[in-house]
Amino acid sequence: MARVAHIADLHLSVDEPIAHGIDLWAHFESVLASIADEGVELVIVGGDLALNEGDPKTYRRIAERLDAFPADVLVQPGNHDRPELFAEAFGRRYRWTGEPLDRVVTWRGFTFVLLDSSSGSVSEEQLWWLESVWRTTHPVAIFVHHPVIAGICRYMEINYELRERDRVYRRIAALADLIHVFSGHYHIAYDGLHNPVLQHVTPAVFYQLDPDTPDFAVASDRAGYRIIDLSPEGISTVVGFAG
Ligand SMILES: [Fe+2]
């Protein structure tokens with residue numbers, strides 16, 4: 001078995017360390033302490049590392065902190081990030097050529113697809129790429145910042161939904177009989193089967209939203225994370241809150 005942490009929506013900033021009355025870096029530290037206690041061996045940072053818009057200082061500080069964390073780390077961008085700045089902080093594997101930072105990664109024998117939705121969309125070229133890597137590498141899960149299913153967080157779906165979300169959902173749904181999709185972006189904790197997509201939304205490190213109102217409403221200022229246990233038999237996952 002292998003244990004992974006998925007953390008998302010850190011929304012960190014060196015220049016603005018407090019936002020919505022929350023000490024952003026303290027939230028990040030509390031989540032790192034919790035997932036260290038859980039014995040995770042890989043951390044997947046699922047986008048929106050930056051508060052509003054990424055900057056080199058903030059990414060460098062995040063990278064230094066993650067370098068000192070006793071686990072492997074993978075990073076993917078969200079809509080508040082600037083992927084062109086990732087390589088300098090997170091290494092050559094994040095070298096940005098103007099194309100999305102899509103990746104297929106095999107770790108401890110488990111293959112994941114990291115699909116880059118930081119532009120707010122997933123292009124036709126990205127979906128072709130996904131279909132071709134799926135056939136050859138048989139991934140256990142897709143990690144994509146934006147959720148691909150509907151009806152789970154009204155405010156975010158009205159204002160910040162993935163463009164052409166249903167088209168992306170249908171293409172992913174055609175890949176296999178059961179597809180685990182791990183996302184962030186909505187600042188909620190959610191797990192639901194939208195056959196055949198098992199959509200997991202990881203609660204934000206920053207704060208959680210009320211999923212049922214069309215207006216912006218913070219439901220909780222607790223810092224969230226997700227634990228994912230991988231085994232040859234399949235995936236089990238649970239969300240947690242720090243502190
Ligand atoms: Fe986001």
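Look a little higher up for the structure.
Residues numbered from 1 in each chain as written. Predicted model: local features only at pLDDT ≥ 70, side-chain atom pairs only at ≥ 80, totals over all residues. Heavy atoms only, no water.

Q: When you look at the overall build of the protein chain in this model, what are you seeing that I'm missing?
A: Counting its secondary structure elements, the protein chain contains six helices and 15 strands. Radius of gyration (C-alpha) of the protein chain: 16 Å, near the 18 Å computed for a compact globule of 243 residues. Taken along the three principal axes of its C-alpha coordinates, the protein chain extends 45 × 40 × 35 Å. Of the accessible surface of the protein chain, which amounts to about 10,400 Å², a share of 49% is contributed by carbon and sulfur atoms. With 20 positive and 35 negative side-chain charges, the protein chain shows a separation of 4 Å between the mean positions of the two kinds. (Helix = DSSP H or I, 4+ residues; strand = E, 2+ residues; numbered from the N terminus. Rg over C-alpha atoms; globule rule 2.2 N^0.38 Å. Areas by Shrake-Rupley, 256 points an atom, 1.4 Å probe, with all protein chains shown as cover. Lys, Arg positive; Asp, Glu negative; His and termini not counted. Charge placed at Lys NZ, Arg CZ, Asp CG, Glu CD.)

Q: Even after reading the chapter, I still don't get the pairing of strand β11 (residues 197-201), so can you show me in this structure?
A: Residues in a regular strand project their side chains so that they alternate between the two faces of the sheet. Taken across its five residues, β11 has five buried, putting it largely inside the fold. The two faces of β11 match: Val197, Gln199 and Val201 on one face and Leu198 and His200 on the other face are all buried. Here strand β9 (residues 179-183) pairs with β11 via five bridges, running parallel. Along β11, the bridge assignment pairs Ile179 with Val197. (Buried < 20%, exposed > 50% of the residue type's maximum accessible area, 1.4 Å probe, protein only. Pairing = 2+ DSSP bridges.)

Q: Honestly, the coordination of the iron ion in this entry has me stumped. Any pointers?
A: A four-donor tetrahedral metal ideally has 109.5 degree angles, and a six-donor octahedral metal ideally has angles of 90 or 180 degrees. Surrounding the iron ion are the protein donor atoms Asp48 (OD), Asn79 (OD1), His145 (NE2) and His185 (ND1), which sit 2.1 to 2.3 Å from the metal. Considering all four donor atoms around the iron ion, the spread of angles at the metal, 87 to 167°, places the coordination shape in the irregular class. Mapped onto the sequence, the donors of the iron ion take the spacing D-x30-N-x65-H-x39-H. On the criterion of sequence distance, the pair formed by Asp48 in the loop between β4 (42-46) and α2 (56-67) and His145 in the loop between β8 (141-144) and α5 (154-160) is long-range, its members being 97 residues apart. Exposure remark for Asp48: the relative accessible area of 2% places this residue in the buried category. Residue class for His145 comes out buried when judged on its relative accessible area of 1%. (Donors = N, O, S within 2.8 Å, 3.2 Å for Na, K, Ca; no water. Tetrahedral: all angles 85-135°; square planar, octahedral: opposite > 155°, others 65-115°.)

Q: Looking at this structure, how should I read the nonpolar core?
A: In globular proteins that are soluble, nonpolar side chains generally tend to be buried together. Counting residues in hydrophobic clusters, the biggest one holds 82 residues, and the most contacted among them are Ile7, Ile35, Phe90, Ile142, Val148 and Ile172. The element best represented in this core is helix α1 (residues 24-37), accounting for six residues. The contacts of Ile142, once residues within four sequence positions are left out, are Val113, Leu115, Leu130, Trp134, Ile172, Leu175, Ile179, His180, Val181 and Phe182. (Core = buried A, V, L, I, M, F, W, Y, C linked by side-chain atoms within 4.5 Å. Contact = heavy atoms within 4.5 Å.)

Q: What exactly am I supposed to notice about the pairing of strand β14 (residues 224-231) here?
A: Of all eight residues in β14, eight are buried; the element is thus mostly enclosed. Sheet analysis places strand β1 (residues 2-7) next to β14, joined by five bridges and oriented antiparallel. The partner of His6 across the bridge, within β14, is Arg226. Direction of pairing for β14 relative to strand β15 (residues 234-241): antiparallel, over a ladder of eight bridges. The residue bridging Tyr225 from the neighbouring strand is Gly240, located in β15. Between the end of β14 and the start of β15, which pair antiparallel, lie two residues.

Q: What is the right way to look at unusual backbone geometry in this model?
A: In most cases, non-glycine residues show a negative phi, while peptide bonds are predominantly trans. Of note, the amide linkage connecting Asn195 to Pro196 takes the cis form, showing an omega dihedral of 0°. Among the structural elements, Pro196 can be located in the loop between β10 (190-194) and β11. Not every positive phi belongs to a glycine, and His138 is a case in point at roughly 50°. Position of His138 relative to the elements: it lies in the loop between α4 (124-137) and β8. Although it is not a glycine, His187 sits at a positive phi angle of roughly 55°.

Q: In this structure, what is going on with the sheet that holds β15? I would like to understand it.
A: In a beta sheet, neighbouring strands pair by backbone hydrogen bonds and run either parallel or antiparallel. The five strands are arranged β5-β4-β1-β14-β15 in an open sheet whose pairing can be described as mixed. One side of each edge strand has no neighbouring strand; the edge strands of this open sheet are β5 (72-76) and β15. Here the strands of the sheet are splayed against their neighbours by 20° on average, with no regard to which way each runs. Of the strands in this sheet, β1, β4 and β14 touch α1, which is tilted by about 30° from β14. (Axes fitted to C-alpha atoms, helices over the stretch in contact; angles between N-to-C directions.)

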